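Given next are the chains, with one letter for each unit.
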Amino acid sequence: MDIRQLNYFITIAEEGTITQAAKVLHIAQPHLSRQLKEMELELGLQLFDRNKKKAVSLTAQGRLFLEKAKEVINRFNDAIVEVKELGEEISGTLAIGTTIYCAPIMLARLEKFRQDHPQVRFHIWEGPSSYLKDLLGNRQIDLAVSASSLAKADLQEKVITDIPCQLLAPKKMPVPRNQVDLHYLSTIPIIILRSSLGNGLYGRITAEFESRGLQPNIICECHDSAILLDLVKMGVGAAILPNSMLHDLSMQNCEVYNIVDNPWTIRATVVWRANSYLPKTAKEFIDSF
């Protein structure tokens, strides 16, 4: 059994049919079927259950073998990267994931990093922390800049900074003082950012009001930060946001206010896989924090 056959097996497991896996691998379906049969004969067990519709599903042994096969492939790929990087300068492609609240922090680092390493290319994903955790696990990104801890046994993280939330309000809204408290926040129309993949800050905001016996006047749940900012500019309502999103923001029709006894602080961290080789490019970017 070799690396090529392990890749065949993983692709079949991911695609769910031998026919579709053959298309993805750009090989003939009969050849792929023979390779799978040879693997099962060598192992002395059945890796897949077949049905009449040609779909396949992993057996219990197949699920365990899939986990181990991915570990072998990952270690093999790590070894190739490590050998290639030996003695070389920082180069290649860096894949970064970020939550929306940490994007400004990541971009500030990226600007400086590009000045020092103009030859590096970038792939960037944005999404909630749970999504970034999946991307790290699937090796689609090298690191993530997250607004909440992704701590797991197979991940390492480094705290960057704590980000307090502030109130962004239209200038025409009658805010009585420079600092506002939660009671005042419960009396004004609030536009709140809510991810489609999790509660995040939305859950923390609503839970804090509830714990104090207050009912926030949420007039809009918005799933896009750019639209949310436009709604505030239009005077539709105010928003509670991390000040990382408000720094250097050109908002002629808005004002930013501190929140008294602020219960909402986000801890920004940079996270990477602990169980694999960290490419030079990724290590340099992490060190830049």
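Please refer to the structure placed before this passage.
J.: Teacher, can you tell me more about helix 2 (residues 18-25) here?
T.: Every α-helical turn comprises 3.6 residues, leaving residues that sit three or four positions apart pointing alike. Taken residue by residue, helix 2 has Ile18, Ala21 and Ala22 as its buried positions. Each buried residue of helix 2 lies within a common arc of 105° when the element is viewed along its axis, so the set occupies one face.

J.: Where do I start with a nonpolar patch on the surface in this structure?
T.: A contiguous nonpolar surface patch, about 260 Å² in accessible area, is contributed by Ile219, Met234 and Val236. With respect to the element layout, Met234 can be found in the loop between helix 9 (225-233) and strand 10 (239-242).

J.: I tried to follow the pattern of salt bridges on my own but got confused; where do I start?
T.: For side chains of opposite charge, pairing can occur when their charged atoms come near one another. Using the criterion set out here, one finds eight salt bridges in the structure. With a closest N to O distance of 2.7 Å, Lys112 and Asp116 form a salt bridge. Of this pair, Lys112 and Asp116 both sit in helix 5 (residues 103-116), four residues apart, which is roughly one turn of the helix. The partly exposed category is assigned to Lys112, whose relative accessible area is 38%. A salt bridge links Glu221 to Arg194; the shortest N-O distance between them is 3.2 Å. Placement of the pair is Glu221 in strand 9 (residues 217-222) and Arg194 in the loop between strand 8 (189-193) and helix 8 (200-211), with a sequence separation of 27 residues. Classification of Arg194 as partly exposed rests on a relative accessible area of 25%.

J.: I tried to follow the environment of Gln215 on my own but got confused; where do I start?
T.: As for its placement among the helices and strands, Gln215 is situated in the loop between helix 8 and strand 9. By relative accessible area, which is 64% here, Gln215 ends up exposed. In the structure, Gln215 is positioned 29 residues away from Ser186 in sequence and 6.0 Å away in space, judged by C-alpha atoms.

J.: I would appreciate a short explanation of the environment of Arg4 in the present structure.
T.: Mapped onto the elements of the fold, Arg4 is located in helix 1 (residues 3-15). Residue Arg4 is classed as partly exposed on the basis of its relative accessible area of 38%. It is 38 Å that separates the C-alpha atoms of Arg4 and Ser148, two residues lying 144 residues apart in sequence. With residues near it in sequence (within four places) discarded, Arg4 still touches His31 and Gln35.

Cut-off values and rules
- Residues numbered from 1 in each chain as written.
- Predicted model: local features only at pLDDT ≥ 70, side-chain atom pairs only at ≥ 80, totals over all residues.
- Heavy atoms only, no water.
- Buried < 20%, exposed > 50% of the residue type's maximum accessible area, 1.4 Å probe, protein only.
- Helix = DSSP H or I, 4+ residues; strand = E, 2+ residues; numbered from the N terminus.
- Arc of directions from axis to C-beta.
- Patch = residues over 30% accessible without salt bridge, like charges linked within 9 Å, V, L, I, M, F, W, Y side chains within 5 Å.
- Areas by Shrake-Rupley, 256 points an atom, 1.4 Å probe, with all protein chains shown as cover.
- Salt bridge = Lys/Arg side-chain N within 4 Å of Asp/Glu carboxyl O.
- Contact = heavy atoms within 4.5 Å.

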